[in-house]
Amino acid sequence: MRVAGIDCGTNSIRLLIAEVTDSGLVDVDRRMLVVRLGQGVDATGRLAPEALERTFAATRQYAEAIRAAGAERIRFVATSASRDAENAAEFRAGIAEILGVEPEVVTGEQEAALSFAGATAGLGAATDADLARPYLVVDVGGGSTEFVLGDVADGAASVLASRSVDVGCVRMRERRLHSDPPTAEEIAAATADIDAAIDLAAEVVPLEKARTLIGVAGTVTTIAAISLGLEAYDPVAIHGTRVPAETVHQISARMLAATKDQRAAIGVMHPGRVDVIGAGALVVDRIVRRLGELDLIASEHDILDGIAASLAS
């Protein structure tokens, strides 16, 4: 059987078509398009018409790929931007018409559980070290960041505590970081917002109990790619990479000090991430500092894998 999962976030929309086997999921097609669905949502509370059209166009491409692959089950999950928007019904109706299934606008808690399941599946095989438990999975998205503390026993993921907070690379870029590069005052304002959001997460999630920090999504994997000195993005090389805390600090400072042209010249940088990587790196940096300088483990598997796995079961 083949399944198809779609993760529609604030910045990107991603597709995973996978074959269900006795040993787990095997990728058939994995792709990503930057559509910036959350464009302006933080300021206006609405999904912009042009953002909707970009997302619908990408979904049409994915629908064709799903049909061609013969996937039997489809799940479309939408996250932060869709939760926040006043006109989310327009978005849901458009996706249902194109794809033939109703999109699910999941809660932050549901998003966290899917992210944890996806991030921890198979991660041990990609690392040399036995990762200490419990794990804290941090999913830095465009509009929100999920903190999920949990464990894995006998292959089954168990979430102990989770919280979603409204800081992400697109939201912070639009709200605070307006200059190129951002000014010290802008960075200070963004830092205050991020630290306040981490405080909110810590009210529910006992961050001090984390023994391993696992980061997922494009900001984290881009940081890992830069730390490796890759000339081109290589998900196999990136998956399981351990980025020392000091390296996270250095890369965050570099991204915030660089101009847009300088960031665009980095070989591993996706064009749709050029304008938001500084904001995203700052979010990651503040989390690492809050956790007492834990190293960052990058996972290429995340909520998208959790969505596909839910279909397989």
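Residues numbered from 1 in each chain as written. Predicted model: local features only at pLDDT ≥ 70, side-chain atom pairs only at ≥ 80, totals over all residues. Heavy atoms only, no water.

Trainee: So, the side chain of Thr-120: which residues are in play, and what are the values?
Mentor: Relative to the helices and strands, Thr-120 is located in helix α5 (residues 108-120). Under the relative-accessibility criterion, Thr-120 is labelled buried at 13%. A polar atom in the side chain of Thr-120 sits 2.8 Å from the backbone oxygen of Phe-116. In this structure Thr-120 touches Tyr-135, Val-137, Val-152, Ala-157 and Ile-214, once residues within four positions along its chain are discounted. (Helix = DSSP H or I, 4+ residues; strand = E, 2+ residues; numbered from the N terminus. Buried < 20%, exposed > 50% of the residue type's maximum accessible area, 1.4 Å probe, protein only. Polar contact = N/O pair within 3.5 Å; in protein donor to acceptor, adjacent residues only side chain to side chain. Contact = heavy atoms within 4.5 Å.)

Trainee: Run through the state of the cysteines, naming residues and quoting values.
Mentor: Under the defined criterion, the tally for this structure stands at zero disulfides. As a non-bridged cysteine, Cys-8 has Cys-169 as the owner of its nearest cysteine sulfur, 14 Å distant. Judged by relative accessible area, which is 0%, Cys-8 ranks as buried. Residue classification places Cys-169 among the buried positions, given a relative accessible area of 2%. (Disulfide = S-S within 2.5 Å.)

Trainee: Tell me about the pattern of salt bridges, and please be specific about residues and values.
Mentor: Evaluated as defined, the whole model comprises 23 salt bridges. The salt bridge partner of Asp-305 is Arg-30, with a shortest N-O separation of 2.8 Å. Residue Asp-305 is located in helix α13 (residues 303-312), and its partner Arg-30 is located in strand β3 (residues 24-34); the two are separated by 275 residues in the primary sequence. Taking the relative accessible area as the measure of exposure, Arg-30 reaches 32% and is therefore partly exposed. For Arg-175, the salt bridge goes to Asp-193, with nearest N and O atoms at 3.5 Å. Separated by 18 residues along the polypeptide, Arg-175 in helix α6 (residues 169-175) and Asp-193 in helix α7 (residues 184-202) bring together distant segments of the chain. Its relative accessible area of 17% is what places Asp-193 among the buried residues. Among the charged side chains, a network of salt bridges with common partners joins Asp-42, Asp-166, Arg-171, Arg-175, Arg-176 and Asp-193. (Salt bridge = Lys/Arg side-chain N within 4 Å of Asp/Glu carboxyl O.)

Trainee: Explain helix α12 (residues 277-290) to me, using residue names and the numbers behind them.
Mentor: The end-to-end C-alpha distance of α12 is 20 Å, a good match for the 20 Å that 14 residues give at a rise of 1.5 Å each. Burial analysis of α12 places eleven of its 14 residues in the buried class, the great majority of the element. Downstream of α12 by one or two residues, Gly-292 has phi in the positive range, about 75°. (Expected span 1.5 Å × (residues − 1).)

Trainee: Which residues make up the sheet that holds strand β8 (residues 156-165), and what are the values?
Mentor: Strand pairing in a sheet takes place through backbone hydrogen bonds and is either antiparallel or parallel in direction. In spatial order, the strands read β8-β7-β6-β9-β11-β10; together these six strands make up an open sheet with mixed pairing. Since the sheet does not close on itself, it has two edges, and those belong to β8 and β10 (242-243), each with one partner. Pairing between strand β7 (residues 145-153) and β8: nine bridges, direction antiparallel. Counterpart to Glu-146 in the pairing with β8 is Ser-164. Against the sheet, helix α8 (residues 218-228) engages β9 (212-216), β10 and β11 (296-299), with an angle of about 110° to β11. (Pairing = 2+ DSSP bridges. Axes fitted to C-alpha atoms, helices over the stretch in contact; angles between N-to-C directions.)

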